[in-house]
Amino acid sequence: MKVYLDNAATTALSKEVLNEMMPYLTEIYGNPSSIHGFGQAAKNAIDTARNRVANALGAQPNEIIFTSGGTEADNMAIVGVAHKLQKKGKHIITSAVEHHAVLHTCEKLEKEGYSVTYLPVDEYGMVTPEQVEKAITDETILVTIMYANNEVGTIMPISEIGAVCKKKGVLFHTDAVQAVGHININVVEQNIDMLSLSAHKLHGPKGVGALYVRKGINLPSLLHGGAQEFKRRAGTENVAGIVGLGKAIELAVASIDETDKKLTVLRDKLIDGILTRIPEVKLNGHPTKRLPNNVNVSIKYIEGESILLLLDMNGIAASSGSACTSGSLDPSHVLLAMGLPHEIAHGSVRLTLSQYTTEEEIDYTINTLETITQRLRAMSPLYNPSMQGSSSCEATK
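Structural notes, computed from the coordinates. Note that residues are indexed from 1 along each chain, following the sequence as it is written. Per-residue local features are limited, in this predicted model, to residues with pLDDT of at least 70; the limit for side-chain atom pairs, both in listing and counting, is 80 or more; totals at the level of whole chains, interfaces and linings are taken over all residues. Hydrogen atoms and water are omitted, and side-chain values are computed over all heavy atoms in the structure.

### Topic: the sheet that holds strand E5 (residues 140–144)
Under the convention used in this document: Paired strands, as defined in this entry, are two strands with at least two bridges between them according to DSSP. Only DSSP runs of H or I with at least four residues qualify as helices, and only runs of E with at least two residues qualify as strands; both kinds are numbered from the N terminus onward. Here the axes come from fitting lines to C-alpha atoms, over the contacting stretch only for helices, and the angles between their N-to-C directions go from 0 to 180 degrees. Every residue pair with non-hydrogen atoms within 4.5 Å of one another is taken to be in contact.
What the 7 strands build is an open sheet, ordered E2-E8-E7-E6-E5-E3-E4; its pairing is mixed. Every interior strand has two partners, whereas the edge strands, strand E2 (64–67) and strand E4 (115–119), have only one. Averaged over neighbouring strand pairs, the angle between their axes works out to 20 degrees when direction is ignored. Where helix H3 (residues 70–84) meets the sheet, it contacts E2, strand E3 (91–95), E5, strand E6 (171–175), strand E7 (194–198) and strand E8 (209–213), and its direction lies at approximately 160 degrees from that of E7.

Here it is in structure tokens:
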């Protein structure tokens, strides 16, 4: 059996999205900036996609800027605000568990003379609105807090943080790459000034994303050379990719309640199966305020890399954290920030589901992971077989 449980890294392109994209890869290939029929057909397709993305977020079409993905959107928001408002202040607030697209961008700005506050998180990977409010100073120009964590699935109190930022007069950006398509979002009601998203996390194509920028925020362009995307992102548009993003987000939002209900049942079945059948396992992330498709566990006394290799040999694709750092032997910065010791963080496995995941695949994964764990622990000098009597409650402490 082949089981794909690495959907936080990327998702399969849906057939509906591919079908919508195909004409723009073959027949309708004009440059959207051209005034002839070929070009205008491409431009109309982009306009339709922009409307779809805006509708999904409760935004206006002219507030959507298409990018190459979530990373570029994060950079555009953070660097753009930093450079635009540097005369007002040079202080930025973020969290210790952000995606590296945010963390590395903040680190770059620190080298330019900006100061960054990295808010600590609790044992579930959560920051509070009170932390944000306390950290804001007269020099603060931006708060950037992710909507939902890509590794452990914890959902942040975004609406409350947005309210704090609005009260304090500070711009608020959220990296919502993992949240879009799983959580109902309204940028106006939640006081979100900027939001990043990516198509390939919701069964769309790779290489395309978007940044929502509230009307009135004038970000400088990171790319120069053309007037595309309201003069904010130069370069000929990825028409087929943008069309795919528009279709993917429309489909995701239309079925969000039904899909989340199904995923939550499968997620909880996977969590319960692992914690019940495998002793000395810790569930990482918030037990209830988490994405419906995310399961992250630390299996004590064995290495996560060994687990992943054996899962792969049994046809199961999983990961040990962010796909952007999966080649690193260092433990997850998210798990360390949550207070896990190195030896436990090293034994973490992330299993992320999609709308295509089946109950049969969940059963197969539980059985396979139990067998793999027994095999690896039998070879581990750290594991004491007497621990087999540990209860599931003890295993989650």
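### Overview of the nonpolar core
For clarity, the threshold we go by: Definition of nonpolar core: a set of buried residues of the types Ala, Val, Leu, Ile, Met, Phe, Trp, Tyr and Cys, connected through side-chain atoms within 4.5 Å. Throughout this description, buried means an accessible area under 20% of the type-specific maximum (1.4 Å probe, protein chains only), exposed means over 50%, and partly exposed covers the range between.
Counting residues in hydrophobic clusters, the biggest one holds 64 residues, and the most contacted among them are Leu57, Ile185 and Leu195. In terms of residues, this core owes the most to one element, helix H2 (residues 37–57), which gives 8 residues. Once residues lying within four places of it in the same chain are set aside, the contact partners of Leu195 are Leu57, His173, Thr174, Ala176, Val180, Ile185, Val187, Ala210, Leu211 and Tyr212. Of all hydrophobic cores here, the second largest spans 29 residues; its members include Leu283, Val295, Leu369 and Leu376.

### Considering the pattern of salt bridges
Rules: Criterion for a salt bridge: a side-chain nitrogen of Lys or Arg within 4 Å of a carboxyl oxygen of Asp or Glu.
Tallying each qualifying case throughout the model produces 16 salt bridges. One salt bridge in this structure joins Lys247 and Glu250, with 3.9 Å as the shortest N-O distance. Linking Lys247 with Glu250, this pair stays in helix H8 (residues 239–254), spanning 3 residues, or about one helical turn. When its relative accessible area of 16% is taken as the criterion, Lys247 is described as buried. Among the residues examined, Glu250 registers a relative accessible area of 33% and is labelled partly exposed. A salt bridge links Lys269 to Glu359; the nearest nitrogen and oxygen atoms lie 3.6 Å apart. You can see Lys269 sitting in helix H9 (residues 256–277) and its partner Glu359 sitting in helix H13 (residues 359–378), a full 90 residues away along the chain. For Lys269, a relative accessible area of 29% gives the class partly exposed. You can call Glu359 partly exposed: its relative accessible area is 47%.

### Focus on the packing of aromatic side chains
Operational definition: For Phe, Tyr and Trp, rings pair up if their centres lie within 6.5 Å, where Trp contributes its six-membered ring, and each pair is then called stacked (planes under 30 degrees apart), edge-to-face (over 60) or tilted (otherwise). Definition used: whenever NZ (Lys) or CZ (Arg) falls within 6 Å of the ring centre and also within 35 degrees of the ring normal, the charge is taken to sit over that ring.
Tallied over the entire structure, the rule returns 1 aromatic pair. A cation sits over an aromatic face here: Lys90 above Tyr114, 5.0 Å from the ring centre.

### Regarding unusual backbone geometry
Phi at Asn191 is positive, roughly 55 degrees, even though this residue is not glycine. Along the chain, Asn191 turns up in the loop between E6 and E7. We note that Glu229 has phi near 50 degrees; this positive angle belongs to a residue other than glycine.

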